[in-house]
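Inside the fold
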Amino acid sequence: YYTFGTVAYVFLVCQVNYRVAFINYTHNRYTLGALAFSFVGLALYLVVYPCWKPVVAHLTTNMYMTTWHFASIWPFWLVSLSLPFLVLALDSLWMTVAKRIG
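Analysis parameters
Residues numbered from 1 in each chain as written. Predicted model: local features only at pLDDT ≥ 70, side-chain atom pairs only at ≥ 80, totals over all residues. Heavy atoms only, no water. Core = buried A, V, L, I, M, F, W, Y, C linked by side-chain atoms within 4.5 Å. Buried < 20%, exposed > 50% of the residue type's maximum accessible area, 1.4 Å probe, protein only. Helix = DSSP H or I, 4+ residues; strand = E, 2+ residues; numbered from the N terminus. Contact = heavy atoms within 4.5 Å. Patch = residues over 30% accessible without salt bridge, like charges linked within 9 Å, V, L, I, M, F, W, Y side chains within 5 Å. Areas by Shrake-Rupley, 256 points an atom, 1.4 Å probe, with all protein chains shown as cover. Salt bridge = Lys/Arg side-chain N within 4 Å of Asp/Glu carboxyl O. pLDDT = per-residue confidence, 0-100. Expected span 1.5 Å × (residues − 1). Axes fitted to C-alpha atoms, helices over the stretch in contact; angles between N-to-C directions. Left-handed = near helix turned anticlockwise from the far one by under 90°. Nonpolar A, V, L, I, M, F, W, Y, C, P; charged D, E, K, R; others polar.

Before going further, it helps to spend a moment on the nonpolar core. Counting 8 residues, the largest nonpolar core is built from Val7, Val10, Phe11, Val13, Leu42, Leu46, Phe70 and Phe76. Where this core is concerned, the elements lending two or more residues are α1 (2-23) and α2 (29-48). In terms of residues, this core owes the most to one element, α1, which gives 4 residues. With near-sequence residues (within four places) excluded, Phe11 lies in contact with Phe76, Val79, Ser80 and Leu83.

Structure, rendered in structure tokens:
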């Protein structure tokens with residue numbers, strides 16, 4: 001249960017960051033810094049919260065080692081590699097249709 005929610009959150013953050021990078025036409029140091037901060041914050045969350053026993057024991061005991069669990073199964077890596085390409089294709093299709101209609 002907690003592994004599924006954590007994986008869904010990871011994919012949500014990655015896809016939102018991708019869309020910010022894809023849809024935004026003008027990047028500056030603030031947008032790139034915000035994207036980097038978001039990925040670094042996610043990495044810290046995945047390392048510190050579920051993998052550090054004192055934090056997990058204090059907050060939620062069922063979260064212990066969920067990062068290791070979902071990183072050790074092949075469906076996570078399959079979706080991690082295929083989902084960005086699927087979202088890229090759908091976003092490109094949507095933008096092409098929107099430009100032709102409007």
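This is not the end of the story, as more comes after the structure.
A word on a nonpolar patch on the surface. Residues Val40, Leu44, Val47, Val48 and Trp52 make up a contiguous nonpolar surface patch of roughly 490 Å² in combined accessible area. Here Val40 is to be found in helix α2.

Model confidence for the protein chain is summarised by a mean pLDDT of 88, while 99% of its residues fall at 70 or above. Mean pLDDT values over the elements of the protein chain span from 84, in helix α3 (residues 53-58), up to 92, in α2.

This brings us to the side chain of Thr66. Secondary-structure assignment places Thr66 in helix α4 (residues 66-71). When its relative accessible area of 3% is taken as the criterion, Thr66 is described as buried. With sequence-adjacent residues up to four places away left out, Thr66 is seen in contact with Tyr2, Thr3, Thr6 and Pro50.

Taking 1.5 Å as the rise per residue, α1 with 22 residues should run 32 Å; its terminal C-alpha atoms sit 31 Å apart, in good agreement. Considering only its buried residues, α1 is in contact with α2, α4 and α5 (74-101).

This part is about the packing of α1 against α5. Where α1 meets α5, the axes come as close as 11 Å, and the angle between the chain directions of the two elements is 35 degrees. The way α1 lies across α5 gives a crossing that is right-handed. Along its contact with α1, which presents Val7, Phe11, Gln15, Tyr18, Arg19 and Phe22, the element α5 presents Phe76, Val79, Ser80, Leu83, Pro84, Val87, Leu88, Asp91, Ser92 and Met95. Grouping the constituent residues of the contact of α1 with α5 by class yields 11 nonpolar, 3 polar and 2 charged.

Let us look at unusual backbone geometry. In the Ramachandran plot, Met65 falls in the positive-phi region, its phi being about 65 degrees despite a non-glycine side chain. Mapped onto the elements of the fold, Met65 is located in the loop between α3 and α4. The exposure class assigned to Met65 is partly exposed, which follows from its relative accessible area of 28%.

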